[in-house]
Amino acid sequence: MQPKEFVLSKKEFKRYLNAVMRMPGTVLYKQLMMTRVLTAVIFTIVVMAAFLAQLPDALQSPVRLQSLGMTTLIEILLLAVIAWRMPPWNLRRRQMRVEKLNGLKGARFRDTSRVLVEDGFYLRQTGSATVNRIPLADLQWARLGEGCGVVVQFSTGMCDYLPASAFSADCPAPAWCAWLIEQAAAARQQELGEPVPPAVTEGETQIRFTLDAAQLLELMDEMSGLARRTRGYWRYLAPQLAALVLAVVILIPLAMTTPPVAAILALMLAAVFIARTRPLRRAMLRRQVNRPEMALFLGPQSVTLTPQGVLIRRESGDNLLEYSLFRRVLTGKKGIYLMLRSGVQAQLIPNEAFPDAAARQEFVSQVSQRIQTV
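Summary of the structure given here. Note that the coordinates shown come from a computational prediction; the quantities given were computed from them, not determined experimentally.

Quick look at the overall build of the protein chain now. Looking only at helices and strands, the protein chain has 9 helices and 14 strands in total. Dimensions of the protein chain, computed from the C-alpha atoms along their principal axes, are close to 85 × 55 × 35 Å. Per-residue burial over the protein chain gives 42% buried out of 374 residues. Look at the contacts in the protein chain between residues 6 or more apart in sequence, and 64% of them connect residues 24 or more apart.

On to the sheet that holds strand 14 (residues 346-350). Strand order in this open sheet of 3 strands is 12-13-14, and the pairing throughout is antiparallel. Two strands close off the open sheet at either side, each with one partner strand: strand 12 (326-331) and strand 14. In this sheet, adjacent strand axes meet at a mean angle of 15° when their direction is disregarded. Seen against the sheet, helix 5 (residues 213-227) touches strand 12, strand 13 (335-340) and strand 14 and runs at an angle of roughly 60° to strand 13. Contacts between helix 9 (residues 357-372) and the sheet are confined to strand 12, strand 13 and strand 14, with strand 12 contributing the most and set at about 160° to the helix.

Below, the discussion takes up the sheet that holds strand 7 (residues 159-162). Neighbouring strands of a sheet are bound in pairs by backbone hydrogen bonds; such pairs are parallel or else antiparallel. Sheet architecture is open: 3 strands sit in the order 5-6-7, paired in antiparallel fashion. Single-partner strands in this sheet number two, and they are strand 5 (139-144) and strand 7. Geometrically, the sheet is characterised by an average inter-axis angle of 15° between neighbouring strands, direction not taken into account. In this sheet, strand 7 lies alongside strand 6 (residues 150-154) in antiparallel orientation, the contact comprising 4 bridges. Directly across from Val 150, in strand 7, lies its bridge partner Leu 162. Sheet strands touched by helix 1 (residues 10-21): strand 6 and strand 7. Its angle to strand 7, the strand with the most contacts, is close to 130°. Set on the sheet, helix 4 (residues 173-187) makes contact with strand 5, strand 6 and strand 7; between it and strand 5 the angle comes to about 175°.

So, on to the pairing of strand 13. Successive residues of a regular strand alternate their side chains across the two faces of the sheet. The buried count for strand 13 comes to 6 of 6 residues, which makes it a mostly enclosed element. The alternating pattern of strand 13 places Gly 335, Tyr 337 and Met 339 on one face and Ile 336, Leu 338 and Leu 340 on the opposite face, and all of these are buried. Pairing of strand 12 with strand 13, which is carried by 5 bridges, proceeds in the antiparallel orientation. Note that in strand 13 the partner of Thr 331 across the bridge is Ile 336. Strand direction decides the pairing type here: strand 13 and strand 14, joined by 5 bridges, are antiparallel. Along strand 14, the bridge assignment pairs Gly 335 with Pro 350. Connecting strand 13 to the next strand, strand 14, in antiparallel fashion are 5 residues, including Gly 343 with a positive phi near 85°.

Let us now look at a nonpolar patch on the surface. Together, Phe 273, Ile 274, Leu 280 and Met 284 make up a nonpolar patch on the protein surface, roughly 410 Å² of accessible area in all. At the level of secondary structure, the elements contributing two or more residues to the nonpolar patch comprise helix 7 (259-275) and helix 8 (278-289). Checked against the element boundaries, Leu 280 lands in helix 8.

Next up on the list: the packing of aromatic side chains. Tallying each qualifying case throughout the model produces 6 aromatic pairs. Ring geometry for Tyr 122 and Phe 154: centres 5.2 Å apart, planes at 65°, overall edge-to-face. Of this pair, Tyr 122 sits in strand 3 (residues 121-126) while Phe 154 sits in strand 6, placing them 32 residues apart in sequence. Side by side, Tyr 122 and Phe 154 carry an identical accessibility label, which is buried. One aromatic cluster is present, built from ring pairs that chain together Phe 13, Tyr 16 and Tyr 161. The ring of Phe 121 has Arg 133 sitting right over it, with the charged end atom 5.0 Å from the ring centre.

Turning our eyes to something else, we now look at the packing of helix 5 against helix 8. Taken N-terminus to C-terminus, the directions of helix 5 and helix 8 make an angle of 130°; their axes are 10 Å apart at the nearest point. In terms of axis orientation, helix 5 runs oblique to helix 8. Seen from above, helix 5 lies across helix 8 with right-handed handedness. For the pair helix 5 and helix 8, contact is made by Ala 213, Leu 216, Leu 217, Glu 218, Met 220, Asp 221 and Ser 224 and by Arg 278, Arg 281, Arg 282, Leu 285, Arg 286, Gln 288 and Val 289, respectively.

On to the pairing of strand 7. With burial as the criterion, each face of strand 7 is covered, one bearing Cys 159 and Tyr 161 and the other bearing Asp 160 and Leu 162. Here strand 6 folds back onto strand 7, and the loop between the two strands holds 4 residues, one of which, Gly 157, carries a positive phi near 95°.

Moving on, we come to the state of the cysteines. Counted according to the given criterion, the structure contains 0 disulfides. Cysteine Cys 177 is unpaired, with the sulfur of Cys 171 as its nearest cysteine sulfur at 9.3 Å.

Right, let's get into the pattern of salt bridges. Where charged atoms of side chains with opposite charge meet at close range, the side chains can pair. Applying the stated criterion to the full structure yields 7 salt bridges. Three or more residues are tied together by salt bridges with common partners; here these are Glu 218, Asp 221, Arg 278, Arg 282 and Lys 334.

Rules used throughout
Numbers given to residues run from 1 along each chain, matching the order in which its sequence is written. Confidence filtering applies because this is a predicted model: local features only for residues at pLDDT of at least 70, side-chain atom pairs given and counted only at 80 or more, and all residues used for totals across whole chains, interfaces and linings. Excluded from the side-chain calculations are hydrogens and water; all other atoms, namely the structure's heavy atoms, are used. By the criteria applied, helices consist of DSSP H or I runs no shorter than four residues and strands consist of E runs no shorter than two, each listed in order from the N terminus. Each residue is assigned to one of three classes by its accessible area relative to the maximum for its type, calculated with a 1.4 Å probe on protein chains only: buried under 20%, partly exposed between the two thresholds, exposed over 50%. Whether two residues touch is decided by their heavy atoms; if any such pair falls within 4.5 Å, the residues are in contact. In this analysis, strands are considered paired if DSSP registers two or more bridges between them. Convention adopted: a line fitted to C-alpha atoms gives each axis, helices being fitted over their contacting stretch, and angles between N-to-C directions are expressed from 0 to 180 degrees. A patch is a set of surface residues, each over 30% in relative accessible area and not in a salt bridge, joined within 9 Å for like charges and within 5 Å for the nonpolar side chains Val, Leu, Ile, Met, Phe, Trp and Tyr. Note on areas: these come from Shrake-Rupley sampling with a 1.4 Å probe, and a residue is covered only by the protein chains present in the view. The salt bridge definition used is simple: a Lys or Arg side-chain nitrogen within 4 Å of an Asp or Glu carboxyl oxygen. Working definition: rings of Phe, Tyr and Trp (its six-membered ring) pair if their centres are within 6.5 Å, and the pair is stacked with planes under 30 degrees apart, edge-to-face with planes over 60 apart, and tilted otherwise. The criterion is that NZ of a Lys, or CZ of an Arg, lies within 6 Å of the ring centre and within 35 degrees of the ring normal, and then a charge sits over that ring. Orientation categories follow fixed angle ranges, with anything under 35 degrees roughly parallel, anything over 145 roughly antiparallel, 65 to 115 roughly perpendicular, and all other angles oblique. Crossing handedness follows the turn of the near helix against the far one: under a right angle anticlockwise gives a left-handed crossing, and clockwise gives a right-handed one. Pairs of cysteine sulfur atoms within 2.5 Å are identified as disulfides in what follows.

Laid out in structure tokens, this is it:
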């Protein structure tokens, strides 16, 4: 039972993000809940600060006290609605922007995709080269989305989406979900050999290495430092920086006459400064590395330069990425980093993967040349 080929358009991709954010257990759902809580806390602090600043004057008159109470109540109701409605839109916008910066735009949203289940593996192919191959035994669930197609999730935290157009009378979505779960249960009862995607050919450049949590933390820390020196990184952050500058410009005139606003502005700027300090950045990276979904990037793995793209093979499955999805190669003291077009994500490769500096430089030259020629 196999679904039909389909095109994951930009509209369908938005439906996918909305469906995933509504499903408990997914990474986007956790991010949504955390963002809603943080937004509510920030709004509560702002409203309470404004209320306490006006309270001494309001206590002198019952009318002014009643007016302050009504105004505060209206503010709480409005901000509660914003805290609930804004995070889904903001997360979806950010995800769409990352996909766009990584090259998933234009023709990418018109490429034909297909999903196959064969030999105990879940195979997802988009276009001519981009392929994901995941052991079916890692399937957690397959569910119908609200007003859309089917969402599939694996134990690594990776999600996939099949729109309604992928299903037909011969392969209805509910029956396919049940069949996929049965196939996953059967796959858990058998030993699977190492997957060999058709894209792998003899003689291609390949490196092998193993990452643990400590190494991943060090590589991510170095990569973020190198990325901050590139234009792509700041282009990605441009909307957030513009919003911060606008907020500061609006608050400065009020801060000059209102002490509570001055305190809020000072706290906001202090929070931005503290968040950029190395100890806090390391703590945030350590928290990110310890998330369950980051286990996908740990353990033995290999990187192969094939004619179609960069093939990344892990115990959790294979991922073949076209060279057009990468922007450049950054080199550091601890590893090399194949930066995606967004400028904030990369394939991490430790220096220990190479026998010597010459082999490392040869690999960098090869992948750089292939990225520049697409």
